[in-house]
Amino acid sequence: MRFATTIIIGAGQSGLAMSRHLTARSIDHVVLERGEVANSWRTERWDSLRLLTPNWQTRLTGYAYDGDDPDGFMAMPEVVRFLQRYAEVSDAPVVTGTRVTRVRRVEGGYVVSTSQGPWRCRMLVIASGACNIAAIPSLSADLPHEVTSLTPVQYRNPGLLPDGGVMIVGASASGIQLAREIRASGRRVLLSVGEHVRMPRTYRGRDILWWMDAIGAMDVHYDAVEDINRARRLPSLQLVGTPERVTVDLNSLRKAGVELVGRLVGLRDGKAQLSGSLANHCALADLKMNRLLAGIDAWVSANGLAERFPASHRYEPTDVGTETRLGLDLRDGRISTVIWATGYRPDYSWLDVPVLDRKGRIQHDGGVVAAPGMYVLGLPFMRRRKSSFIDGAGDDAADLAEHLNLELTRAAA
Ligand SMILES: Cc1cc2nc3c(=O)[nH]c(=O)nc-3n(C[C@H](O)[C@H](O)[C@H](O)COP(=O)(O)OP(=O)(O)OC[C@H]3O[C@@H](n4cnc5c(N)ncnc54)[C@H](O)[C@@H]3O)c2cc1C
């Protein structure tokens, strides 16, 4: 059986960042990867996807975007090249084509079974991703069989959809991006909207993520948040990365002809039941967006920077129209596809150590898992608000590498 002091599972940005920090501390390790480096970005994203984070924010410990378009947004082949190059310059010991099939605890560490034979390690870093599986509500089981059911992980482009209209459930980053693209291809699109986080692409002349970075919002620590469980469950930001840096929100989608409907609350006898809460959800999202913009304005004033930026302003409230549709017949042939843009979840089916809660979530304190020598990376708001972003992997990995090193030193002593 092969041995490494530390095994990292997954060669996405999280696993590579951890590898970089372990190498810097001369801690012997391997990165086991079921596919290639950046496998999720290669195989689990739709064709047109670009990062919603700007190029300047695509930065990892010791390595950052250095092209001539810092405010642009990478397409997937560029992200893959970026991470591949990071693995190379870091000399990361990645073992590709090696799927972890089981992890179990043994005296002094873990046995990691893989498609290429077993490994043993003392420390284990789970960097296998937070978005392995599309999280679909259980009511999807009642979708009429003549309607095609898809997730954003399966979706590639509008041309591959069956003829006919599309209902997209969920209006966070994935949902609004797919609604925009599919509507632009000429199809009827309904967007079912629940809780969401509205964001303008730019504000006072800068990208909204530039502002969030500047005011420290992306660095907020998990232990400084009142309700961290709720913060970890918040939907993703309604943002899209395009060369034109457009804002895509419910107003722009409605103008483009997307029909906005409320949250999908039931499916019965082929009919979708829709909540009447659309206006409330939108009002709340507007309120929260304005709170963020007010925070930015306050930061500008407090730092005496008002002259440096265009004046503050506010965006139009979300207009959902006056008619609220409460039902939709999914058997009349007008909607042929439903896309569940209702979030993602990790896959821990291989993890045979009792560290998951009732809902299958891994129990951890800022990435330190409730099992000896076990760590996790890349989860939403894991240590910081930016934890699940490329930009968050470096700082989180630095913290956890330090923790891991102290544990090894203590054990040795
Ligand atoms: C649609 C979408 C768009 C996103 N856009 C952005 C964005 O614009 N900017 C941004 O900063 N973040 C974005 N993210 C969030 C985040 O950066 C990505 O989810 C990113 O892939 C997470 O990196 P990671 O290294 O934590 O996990 P992953 O990239 O998922 O890497 C995990 C790796 O583990 C491997 N693996 C999993 N299970 C096993 C196993 N059993 N055995 C061996 N290997 C295994 C996988 O093959 C994969 O390579 C986006 C996420 C999604 C889903």
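Residues numbered from 1 in each chain as written. Predicted model: local features only at pLDDT ≥ 70, side-chain atom pairs only at ≥ 80, totals over all residues. Heavy atoms only, no water.

> Would you explain the overall build of the protein in this entry?
A tally of regular secondary structure across the protein gives nine helices and 25 strands. For 413 residues, the compact-globule formula gives about 22 Å, and the C-alpha radius of gyration of the protein, at 22 Å, lands near that figure. Over its C-alpha atoms, taken along the principal directions, the protein stretches across nearly 70 × 60 × 40 Å. For the protein, the proportion of its 413 residues judged to be buried stands at 52%. Within the protein, residue pairs in contact and separated by at least 24 positions form 70% of the contacts whose partners lie at least 6 positions apart. For the protein, the computed accessible surface area is about 18600 Å², with 48% contributed by carbon and sulfur atoms. Here the protein holds 50 positive side-chain charges and 46 negative ones, and the gap between their average locations is 3 Å. (Helix = DSSP H or I, 4+ residues; strand = E, 2+ residues; numbered from the N terminus. Rg over C-alpha atoms; globule rule 2.2 N^0.38 Å. Buried < 20%, exposed > 50% of the residue type's maximum accessible area, 1.4 Å probe, protein only. Contact = heavy atoms within 4.5 Å. Areas by Shrake-Rupley, 256 points an atom, 1.4 Å probe, with all protein chains shown as cover. Lys, Arg positive; Asp, Glu negative; His and termini not counted. Charge placed at Lys NZ, Arg CZ, Asp CG, Glu CD.)

> What should I look at first to understand the site of the ligand in this one?
Not every one of the 30 residues close to the ligand is listed here, only the nearest: Ser14, Glu33, Ser40, Leu52 and Thr53. The backbone of Val100 places a nitrogen or oxygen atom 2.8 Å from a nitrogen atom of the ligand. Of the residues forming the shell around the ligand, the biggest block, three residues, is contributed by helix α2 (residues 39-43). A per-class count over the shell around the ligand returns 14 nonpolar, 12 polar and four charged. (Near = heavy atom within 4 Å. Polar contact = N/O pair within 3.5 Å; in protein donor to acceptor, adjacent residues only side chain to side chain. Nonpolar A, V, L, I, M, F, W, Y, C, P; charged D, E, K, R; others polar.)

> Help me understand the sheet that holds strand β20 (residues 327-329), please; the structure alone is not making it clear to me.
Within a sheet, adjacent strands bond to each other through the backbone by hydrogen bonds, running parallel or antiparallel. Sheet architecture is open: three strands sit in the order β18-β19-β20, paired in antiparallel fashion. Two strands close off the open sheet at either side, each with one partner strand: β18 (264-268) and β20. On average, adjacent strands in this sheet sit at an angle of 20° to one another, irrespective of strand direction. Note: β18 against strand β19 (residues 271-274), four bridges, orientation antiparallel. Across the sheet, residue Leu267 finds its bridge partner in β19, namely Ala272. (Pairing = 2+ DSSP bridges. Axes fitted to C-alpha atoms, helices over the stretch in contact; angles between N-to-C directions.)

> Mind showing me how you'd approach the packing of helix α1 (residues 13-24) against helix α3 (residues 76-90) here?
Where α1 contacts α3, the axes come no closer than 10 Å and their chain directions differ by 15°. Relative to α3, the element α1 is oriented roughly parallel. Between α1 and α3 lies a crossing of left-handed hand. The residues of α3 that touch α1, namely those facing Gln13, Leu16, Ala17 and Arg20, are Leu83, Tyr86, Ala87, Val89 and Ser90. Within the contact of α1 with α3, the residues separate by chemical class into six nonpolar, two polar and one charged. (Parallel < 35°, antiparallel > 145°, perpendicular 65-115°, else oblique. Left-handed = near helix turned anticlockwise from the far one by under 90°.)

> What's the story with the sheet that holds strand β11 (residues 165-169) in this structure? I'm lost.
The sheet built from five strands is open, its strands ordered β10-β21-β11-β12-β17 with parallel pairing. Each having just a single partner strand, β10 (148-150) and β17 (259-261) make up the two edges of the open sheet. Neighbour to neighbour, the strand axes of the sheet diverge by 20° on average, direction disregarded. As paired strands, β11 and strand β21 (residues 335-340) are joined by five bridges and run parallel to one another. Bridge pairing links Met167 to Val338 in β21. Docked against the sheet, helix α4 (residues 173-184) engages β11, β12 (189-192) and β21, running at close to 170° with respect to β12.

> What am I meant to see in a negative patch on the surface here?
Among the surface-exposed residues, Asp68, Asp69, Asp71 and Glu78 lie close enough to one another that they form a single negatively charged patch. Relative to the elements of secondary structure, Asp71 occurs in the loop between β4 (63-64) and α3. (Patch = residues over 30% accessible without salt bridge, like charges linked within 9 Å, V, L, I, M, F, W, Y side chains within 5 Å. Salt bridge = Lys/Arg side-chain N within 4 Å of Asp/Glu carboxyl O.)

> Can you help me understand the side chain of Ser172 in this one?
Relative to the helices and strands, Ser172 is located in the loop between β11 and α4. Discounting residues that sit within four places of it in the chain, Ser172 has contacts with Glu195, Pro235, Ser236 and Gln238.

> How should the side chain of Gln13 be read in this particular structure?
Within the secondary structure layout, Gln13 lies in helix α1. Sequence-distant contacts of Gln13, that is, excluding residues within four places in its chain, are made with Trp41, Leu60, Leu83, Ser388, Phe389, Ile390 and Ala393.

> Help me understand the pairing of strand β1 (residues 2-9), please; the structure alone is not making it clear to me.
Moving residue by residue along a regular strand, the side chains alternate between the two faces of the sheet. By the criterion of burial, β1 is predominantly enclosed, with six of the eight residues buried. The sheet contact formed by β1 and strand β8 (residues 119-126) spans seven bridges and is parallel. Paired with Ala4 across the strands is Cys121, a residue of β8. Relative to strand β2 (residues 29-32), β1 runs parallel, the two sharing four bridges. Bridge assignment links Ile9 to a residue of β2, and that residue is Leu32.

> Sorry if this is basic, but what is going on with the pattern of salt bridges here?
Across all of its chains, the model carries 23 salt bridges by this definition. Linking Arg85 and Glu88 is a salt bridge whose minimum nitrogen-to-oxygen distance equals 3.2 Å. Highlighted residues: Arg85 and Glu88, both in helix α3, separated by three residues, approximately one helical turn. Note that Asp207 and Arg201 form a salt bridge whose closest N and O atoms lie 2.9 Å from each other. Each member of the pair, Asp207 as well as Arg201, is classed as buried. Here the salt bridges do not stand alone but share partners, grouping Arg383, Arg384, Asp396 and Asp399 into one network.

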